[in-house]
Amino acid sequence: MRKFEETYVAIWCTLMPITGTLLIPAIQGTIPAYMMAFGSVLLVYMKVQSGEIPQAVLSYCKTFLSVALLWLFLMISSQMVLMITERHDFGDVNMMDPNDDRVLFRRTLFTQSLYLLACVLLALYFRYFFKARWMRYVYWGGYLLAGYGIYEWLFYLIFHKSGDFLVNRTFGDHTASWSQNMSFGGFTVLRIKSTLGEPTFFAAVVIPYLFLALEGRKKVLSAMLLFTAVFSTSTALYLALPFVLFIKSFWTGRIRWDYLTLLVLVGAFIASIAIFFPDSFRGMFMDKFNGDNDSGATRQRAGLAVRDLYASFNLPNWLFGIGFGYAYLGVPDQLLVNTGIIGMLAFLWAFGRVVWLLPTTEGCEGLKAGILAILVLCVLSLSELYLPTTWMFLGLAYFRLAEYRKAQLELASSPPEDPRAQFYPTGRPPAAA
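Residues numbered from 1 in each chain as written. Predicted model: local features only at pLDDT ≥ 70, side-chain atom pairs only at ≥ 80, totals over all residues. Heavy atoms only, no water.

Undergrad: Sorry if this is basic, but what is going on with the overall build of the chain here?
TA: Summing up its helical and strand segments, the chain has 16 helices and four strands in all. The buried share of the chain, taken over its 433 residues, is 51%. When contacts within the chain are restricted to residue pairs at least 6 apart in sequence, long-range pairs at least 24 apart make up 70% of them. For the chain, the accessible surface area stands at approximately 21,500 Å², while carbon and sulfur atoms represent 66% of it. (Helix = DSSP H or I, 4+ residues; strand = E, 2+ residues; numbered from the N terminus. Buried < 20%, exposed > 50% of the residue type's maximum accessible area, 1.4 Å probe, protein only. Contact = heavy atoms within 4.5 Å. Areas by Shrake-Rupley, 256 points an atom, 1.4 Å probe, with all protein chains shown as cover.)

Set out below in structure tokens:
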């Protein structure tokens, strides 16, 4: 059982960053990480079959039940509000399935809930059953992410076309590999997105891996991840990474040289673009924020549509939303529109709590910074809630928090060492006569 479980987790961790490959091409969502998350239930069942129910299994079931009850409460409440208020449409908001004209119980309520189920199972398994020695398998996923990204970048540089041979997932007329390029003074390069769908999604994956690699002193992996992060040319990444480094330095009261080097390298790259390629710099920053390019204009239109929807909300809509998985927007608006204030607070509690409580000690600092980066990217531009790596890092962060608290309790409960012990052959003073 132990050998099988370790092999299973090793494969799972390695394939975790892949989101464009379906194990069953005809069925959306059958990416390796999700399918192995569902398979992890069998691993938990095998633990129960061993003859006793460990405390970890009880905690796993209790947490899962709490999440399921919250989802059920929000689902029933949101649908009841829509029925009572007799809402007929949702305006021009970008819906997850625009071809579904229903208001009640849209298809995406169930399909997106399956994605959430896979992510919750993933996070809970890593929270309650992860072993510290398995961290090397997490790094394997980082190597796959960075290595495939570098391969794609070089392939485009040589052949001027996408070399993505893993993707077989499609969304309408597009594949899940939305290759984009960037021009620097007439020299065109691929924006690295690796095994993810687009550079913005890649940013939410590569930054946590980068912080983990830096903390683990994985120099080669750190260099590979940094290269792919820089050449993703993701505006959100360029904003989030320095911000998190600043906050990290603030909460620790110190600056590590490797983090400072990272900040200098990224800053030098951005400065070089601004100086030597001002048109590219303007397209990456000013035009996007002003809505003068396609990306910026799309975000502005989506923002106006969301504001119109908010104007039609009543108090129950604000509390429960319009339905889980209905609208496809940036994460903050997506949470508020779909699950209301209650759903948004639950998300912020789950992710914000671990950032707040994790210490800055070795083994915890990288995960603390990685989760903070995900939250920052959610605010900036991220629209994908169900990236498997996001939930893996969340589970790992809670695992580290539990280990830290356990160590603190053991330290507090152990008796103070007798300073005279070194002078006794047994290590203890003789018993009183």
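Undergrad: When you look at helix H6 (residues 199-215) in this model, what are you seeing that I'm missing?
TA: Residues spaced three or four apart along an α-helix face the same direction, because each turn holds 3.6 residues. With 17 residues, H6 ought to run about 24 Å at 1.5 Å a step, and its terminal C-alpha atoms sit 24 Å apart, in line with that. Within H6, 17 of the 17 residues are buried, which leaves it mostly tucked inside the rest of the structure. (Expected span 1.5 Å × (residues − 1).)

Undergrad: Help me out: how do you make sense of the pattern of salt bridges in this one?
TA: It is possible for side chains bearing opposite charge to pair when their charged atoms get close. Applying the stated criterion across every chain yields a total of eight salt bridges. For Arg102, the salt bridge goes to Asp100, with nearest N and O atoms at 3.1 Å. On the basis of relative accessible area, Arg102 is assigned to the partly exposed category, the value being 38%. Residue Asp100 is classed as buried on the basis of its relative accessible area, which comes to 4%. Among the charged side chains, a network of salt bridges with common partners joins Glu6, Arg133 and Arg136. (Salt bridge = Lys/Arg side-chain N within 4 Å of Asp/Glu carboxyl O.)

Undergrad: Which parts of the structure should I look at to understand the side chain of Gln79?
TA: Along the chain, Gln79 falls in helix H3 (residues 55-85). Gln79 sits in the buried class, given a relative accessible area of 3%.

Undergrad: Help me out: how do you make sense of the environment of Leu262 in this one?
TA: As for its placement among the helices and strands, Leu262 is situated in helix H9 (residues 257-276). We classify Leu262 as buried; its relative accessible area is 3%. A C-alpha to C-alpha distance of 9.6 Å links Leu262 and Ser222, two positions 40 residues apart in sequence. The contact partners of Leu262, leaving out residues within four places of it in the chain, are Leu210, Leu214, Leu226, Leu241 and Leu245.

Undergrad: Is there a simple way to think about the packing of H3 against helix H4 (residues 107-129) in this case?
TA: Helix packing for two helices is described by the angle between their axes and how far apart those axes are. Two elements in contact, H3 and H4, have axes whose closest approach is 10 Å; the angle formed by their N-to-C orientations is 155°. On the basis of their axis angle, the class for H3 and H4 is roughly antiparallel. You can see that H3 and H4 cross each other, and the crossing is right-handed. Across from Ala56, Val57, Ser59, Tyr60, Thr63, Phe64, Val67, Trp71, Met75 and Gln79 in H3, the residues of H4 making contact are Leu109, Ser113, Leu116, Leu117, Val120, Leu121, Leu124, Tyr125, Tyr128 and Phe129. Its residues assigned to classes, the contact of H3 with H4 shows 16 nonpolar, four polar and no charged. (Axes fitted to C-alpha atoms, helices over the stretch in contact; angles between N-to-C directions. Parallel < 35°, antiparallel > 145°, perpendicular 65-115°, else oblique. Left-handed = near helix turned anticlockwise from the far one by under 90°. Nonpolar A, V, L, I, M, F, W, Y, C, P; charged D, E, K, R; others polar.)

Undergrad: What's the story with the layout of surface pockets in this structure? I'm lost.
TA: Empty space among the atoms becomes visible once a probe the size of a water molecule is rolled across them. Computed from the structure, the second largest pocket encloses a volume of approximately 980 Å³. In terms of lining, the second largest pocket is formed by 36 residues, of which the most central are Val67, Ala346, Trp349, Ala350 and Trp391. Every element with two or more residues in the lining of the second largest pocket is listed here: H3, H4, helix H14 (331-357) and helix H16 (388-413). Of the residues forming the lining of the second largest pocket, the biggest block, eleven residues, is contributed by H14. Considered class by class, the residues forming the lining of the second largest pocket number 23 nonpolar, nine polar and four charged. (1 Å grid on protein atoms, 1.4 Å probe; cavity = no way out; pocket = protein on both sides within 12 Å on 5 of 7 lines; lining within 4 Å. Points joined across faces, edges and corners; volume = space filled by probe spheres on them.)

Undergrad: Would you take a moment to explain unusual backbone geometry for this structure?
TA: Negative phi is the rule for most residues except glycine; trans is the rule for most peptide bonds. Of note in the backbone geometry, Arg217 takes a positive phi value of approximately 55° without being a glycine. Relative to the assigned elements, Arg217 resides in the loop between H6 and helix H7 (219-230). A positive phi angle is found at Thr233, which is not glycine, with a value near 45°. With respect to the helices and strands, Thr233 occurs in the loop between H7 and helix H8 (235-252). According to the relative accessible area criterion, Thr233 is buried, its value standing at 3%.

Undergrad: Which parts of the structure should I look at to understand empty space enclosed by the protein?
TA: Enumeration according to the criterion identifies two cavities of 30 Å³ or more in this entry. In this model, the second largest cavity occupies a volume close to 40 Å³. Every residue lining the second largest cavity is listed: Phe347, Phe351, Ile374, Cys378, Leu382, Glu384, Leu385 and Thr390. Looking at the lining of the second largest cavity, the elements that each hand over two or more residues are H14 and helix H15 (365-380). Residue composition of the lining of the second largest cavity, by class: six nonpolar, one polar and one charged.

Undergrad: Mind showing me how you'd approach the side chain of Lys193 here?
TA: As for its position among the elements, Lys193 is in the loop between strand E4 (187-191) and H6. Within the local environment of Lys193, its side chain forms a polar contact with the side chain of Glu152, the two groups lying 3.3 Å apart. Separated by 2.8 Å, the side chains of Lys193 and Asp164 make a polar contact. (Polar contact = N/O pair within 3.5 Å; in protein donor to acceptor, adjacent residues only side chain to side chain.)

Undergrad: Sorry if this is basic, but what is going on with the packing of helix H5 (residues 135-159) against H6 here?
TA: At a minimum axis separation of 10 Å, H5 and H6 run at an interaxial angle of 130°. With respect to each other, H5 and H6 are oriented oblique. Every pair of crossing elements has a handedness; the one defined by H5 and H6 is left-handed. Between H5 and H6, the residues in contact are Met135, Val138, Tyr139, Gly141, Gly142 and Leu145 and Phe202, Val205, Val206, Tyr209, Leu212 and Ala213, respectively. Here the residues of the contact of H5 with H6 sort into ten nonpolar, two polar and no charged.

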